[in-house]
Amino acid sequence: MSDPTQIPETPLFDRERSKQGYRMNKMAMSLGKPENRAAFKADEEAFLDSYGLSAEEKAAVMARDWHRMVALGGNLFFILKIAAVDPAVMTEIGAAQAQMEHADFLKQRLGKE
Amino acid sequence: MAEIIGGVGTSHVPSIGIAIDKGLVDTPDWKPFFDGYIPGKQWMADKKPDVAVVIFNDHGNTFFLDRVPTFAVGVAESYTPVDEGWGPRAVPDFEGAVDLSWHLVDQLVDNHFDPMVCREIEVDHGLQVPMELFFGRPEHWPVKVVPIWVNTIQYPIPTPQRCWEMGKLLRKAIESFPGDERVVIMGTGGLSHQLQGSRAGFINREADQAWLDGIANDYEKYRDMTREDYVEQFGSEGAELIMWLVMRAAMDDKVELKHKHYYAPASMTGAGMVVLENA
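Thresholds applied
- Per-chain numbering applies: the sequence of each chain, read as written, is numbered from 1 onward.
- Note on labels: chains are lettered from A, ligands numbered from 1, in written order.
- Local features are withheld for residues below a pLDDT of 70 in this predicted model, meaning they are given only at 70 or higher, and side-chain atom pairs are given and counted only at 80 or more; totals for whole chains, interfaces and linings count all residues.
- Values reported for side chains reflect all heavy atoms of the structure, with hydrogen atoms and water molecules removed beforehand.
- Helix numbering and strand numbering both begin at the N terminus, where a helix is a DSSP run of H or I of at least 4 residues and a strand a DSSP run of E of at least 2.
- Atoms counted for the radius of gyration: C-alpha only. Globule rule: 2.2 Å times the number of residues to the power 0.38.
- Burial classes: relative accessible area under 20% of the type maximum marks a residue as buried, over 50% as exposed, and values in between as partly exposed (1.4 Å probe, protein chains only).
- What makes two residues a contact is simply this: any of their non-hydrogen atoms within 4.5 Å.
- Surface exposure here means Shrake-Rupley accessible area, sampled with a 1.4 Å probe, where a residue is shielded only by the protein chains that are shown.
- By the counting scheme adopted, Arg and Lys are positive, Glu and Asp are negative, and His together with the chain ends is not counted.
- A charge is said to be at NZ when it belongs to Lys, at CZ for Arg, at CG for Asp and at CD for Glu.
- A cavity here means a set of 1 Å grid points, computed over protein atoms only, where a 1.4 Å probe fits but cannot escape. A pocket is an open set with protein on both sides within 12 Å along at least 5 of 7 lines, and lining residues have an atom within 4 Å of a point.
- Grid points are joined across faces, edges and corners, and a volume is the space filled by probe spheres set on the points.
- In this classification, the charged set is Asp, Glu, Lys and Arg, the nonpolar set is Ala, Val, Leu, Ile, Met, Phe, Trp, Tyr, Cys and Pro, and all remaining amino acids, among them Gly, are polar.
- Here a salt bridge means any side-chain nitrogen of Lys or Arg lying within 4 Å of a carboxyl oxygen belonging to Asp or Glu.
- Directions pointing from the helix axis toward each C-beta atom define the arc.
- For Phe, Tyr and Trp, where Trp contributes only its six-membered ring, two rings pair if their centres lie within 6.5 Å, and the inter-plane angle classes them as stacked under 30 degrees, edge-to-face over 60, or tilted in between.
- Here the rule is simple: two strands pair whenever DSSP picks up at least two bridges between them.
- Lines fitted to C-alpha atoms define the axes here, with helix axes fitted over just the stretch in contact, and angles between the N-to-C directions of these axes take values from 0 to 180 degrees.

Undergrad: Please set out the overall build of chain B residue by residue, giving values where relevant.
TA: When helices and strands are tallied, chain B shows ten helices and ten strands. Since a compact globule built from 279 residues should have a radius of gyration of about 19 Å, the 17 Å found for chain B is in line with a globular shape. Judged by the C-alpha coordinates and their principal axes, chain B covers about 45 × 45 × 40 Å. When each of the 279 residues of chain B is scored for burial, the buried share is 63%. Across chain B, every contact between residues at least 6 apart in sequence was considered, and the portion connecting residues at least 24 apart equals 82%. When the accessible area of chain B is evaluated, it comes to approximately 9,900 Å², of which 49% is carbon and sulfur surface.

Undergrad: Give a description of the overall build of chain A that names residues and reports values.
TA: Broken down by element type, chain A carries ten helices and zero strands. Here the C-alpha coordinates of chain A stretch approximately 40 × 40 × 25 Å along the principal axes. Put simply, chain A has 113 residues, and 48% of those count as buried. Here the contacts in chain A between residues at least 6 apart in sequence split such that 45% fall between residues at least 24 apart. Within chain A, one finds 15 positive and 17 negative side-chain charges whose respective centroids are separated by 6 Å.

Undergrad: Tell me what's going on with the layout of surface pockets, and back it up with residues and numbers.
TA: Considering only enclosed or pocket space, the largest pocket measures out at about 1,200 Å³ in volume. Considering the residues around the largest pocket, the lining is formed by 43 residues, among which Met90 of chain A together with Pro14, Ser15, Ile18 and Ser267 of chain B are closest to the centre. Sorting the residues of the lining of the largest pocket by element identifies α9 (90-98) and α10 (102-108) of chain A together with α1 (14-21) and β9 (255-266) of chain B as the ones contributing at least two each. In terms of residue count, the dominant contributor to the lining of the largest pocket is α1 of chain B (six residues). Here the residues of the lining of the largest pocket are counted per class, giving 21 nonpolar, 13 polar and nine charged. In this model, the second largest pocket occupies a volume close to 320 Å³. If you trace the second largest pocket, you find 13 residues lining it, with Met29 and Lys33 of chain A together with Asn61, Val82 and Glu122 of chain B closest to the centre. Residues of the lining of the second largest pocket, tallied by class, amount to four nonpolar, four polar and five charged.

Undergrad: Account for the pattern of salt bridges, with residues named and values stated.
TA: When the charged atoms of two side chains lie near each other, side chains of opposite charge can form a pair. Counted by the stated rule, this structure contains 26 salt bridges over all chains. Residues Asp49 of chain A and Lys58 of chain A are paired through a salt bridge, measuring 2.8 Å at the closest nitrogen-oxygen approach. Taking relative accessible area as the criterion, Lys58 of chain A reaches 13% and is therefore assigned buried. Residues Arg89 of chain B and Asp21 of chain B are paired through a salt bridge, measuring 2.7 Å at the closest nitrogen-oxygen approach. With Arg89 of chain B in the loop between β4 (78-79) and β5 (94-95) and Asp21 of chain B in helix α1, this pair connects stretches of sequence that are 68 residues apart. We classify Arg89 of chain B as buried; its relative accessible area is 17%. A residue is classified by how much of its surface remains accessible, and Asp21 of chain B, at 39% relative accessible area, is partly exposed.

Undergrad: Help me get a handle on the environment of Val13 of chain B, residues and values and all.
TA: Residue and element names in this part refer to chain B. Mapping Val13 onto the fold places it in the loop between β1 (3-10) and α1. Between the alpha carbons of Val13 and Gly270 there is a distance of 9.3 Å; along the sequence they are 257 residues apart. Discounting chain neighbours no more than four positions away, the residues touching Val13 are His125, Val129, Gly190, Ala266, Ser267 and Thr269.

Undergrad: So what's going on with helix α9 (residues 227-234) of chain B? Residues and values would help.
TA: All names here are of chain B. Along α9, the positions that sit buried rather than exposed are Arg227, Glu228, Tyr230, Val231 and Phe234. Down the axis of α9, the buried side of the element spans an arc of 165 degrees, and every buried residue falls inside it. The first or second residue beyond α9 is Gly235, which carries a positive phi of 90 degrees.

Undergrad: Explain the packing of aromatic side chains to me, using residue names and the numbers behind them.
TA: To describe a pair of aromatic rings, one takes the distance between the centres and the angle between the planes. Residue and element names in this part refer to chain B. In this structure the tally under the stated criterion is 20 aromatic pairs over all chains. Ring plane angle 80 degrees and centroid distance 5.1 Å describe the contact between Phe33 and Phe34, whose orientation is recorded as edge-to-face. In this structure, Phe33 and Phe34 share a single accessibility class: buried. Each ring, one from Phe63 and one from Trp149, has its centre 6.0 Å from the other, and the planes form 80 degrees; the classification is edge-to-face. With Phe63 in the loop between β2 (51-56) and β3 (71-74) and Trp149 in strand β7 (residues 144-150), this residue pair connects regions lying 86 residues apart in the sequence. A relative accessible area of 14% places Phe63 in the buried class.

Undergrad: How would you explain the sheet that holds strand β6 (residues 116-118) of chain B if you had to name every residue and give the values?
TA: All names here are of chain B. With mixed pairing, eight strands are arranged side by side in an open sheet as β6-β3-β7-β2-β8-β1-β10-β9. In this open sheet, the two strands that pair with only one neighbour each are β6 and β9. Recorded for the sheet is a direction-independent mean angle of 15 degrees between the axes of neighbouring strands. Looking at chain direction, β3 and β6 are connected through three bridges and run parallel.

Written out as structure tokens, the structure reads:
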């Protein structure tokens, strides 16, 4: 890979992001197991602590701030599992990435009326 | 010897599976998408393959970042749908074509292509959805499968050229397998989409249409593109299209484009398929 950052507005999941987001992604990956989903629901902060998330990472997860989670190295395929515990629609997550209103996002990006 | 009866390229968007699960196939949002697959399904029913070699990527469901194989080949007797967070989907288990899988592994490694070999592993929507699109939702799948995973999540992902080489070798390997299996190759993923960053929601309908037309007999430009080109034209997750190259390389130089379908957006993705036969 020469310089993936040259593609505008496109954070490729490279070594830096992978290293940076490892704990958050590991926490999210664990939500593939029902017992971990139950623990997340029962006491979210304690659950995040058990994966060693920083204060900044915890705040982003607890606010369901999808833009911030990705900025901190979260990879969508992992953090999407948070939306399985606390339902969010994919296009809402997309709109949050683009920092657009959902209706505008559907219309302008996806061409939906 | 085993025979390749055709190649298909198809999207594997998870919301397609959810639409099937929720009975939304005939709703206005989804009907045009699913209707476009009817000829592909019919083609598959007529061709009656015994084995599907499915090239796809895991989406952070089976592989975590603790180990990221660039290529992996399944040699299991059976593959169960993985829990992607909502509980495993009610999709039948996939029976593995064990002997063919091992033969492919032998041939790949003998030819200096070294995949991870997976004896016990679950499969996510990347394999499930293409199977549902072409075989429906039977009680038992009419084919055995050979799953081949390609890393498209963590960079470095393999180059398009390496995917092409994989396809070339796969063909030799399949055609040297002592048996009379009829094999269909399924290259999956795409089409254009981007789920992350401020360009999220990027769909390139023009590039998608050109891809569906060109992958049959104007494939050279796609084979020769860089990963960056893929990301730029098809979006960061649209780079999954490199997995169609594995399928295309396993076919003849000249092929017949039997069926083609495009629909956008499926969720946030340009979606569609091609069915190819050797000319």
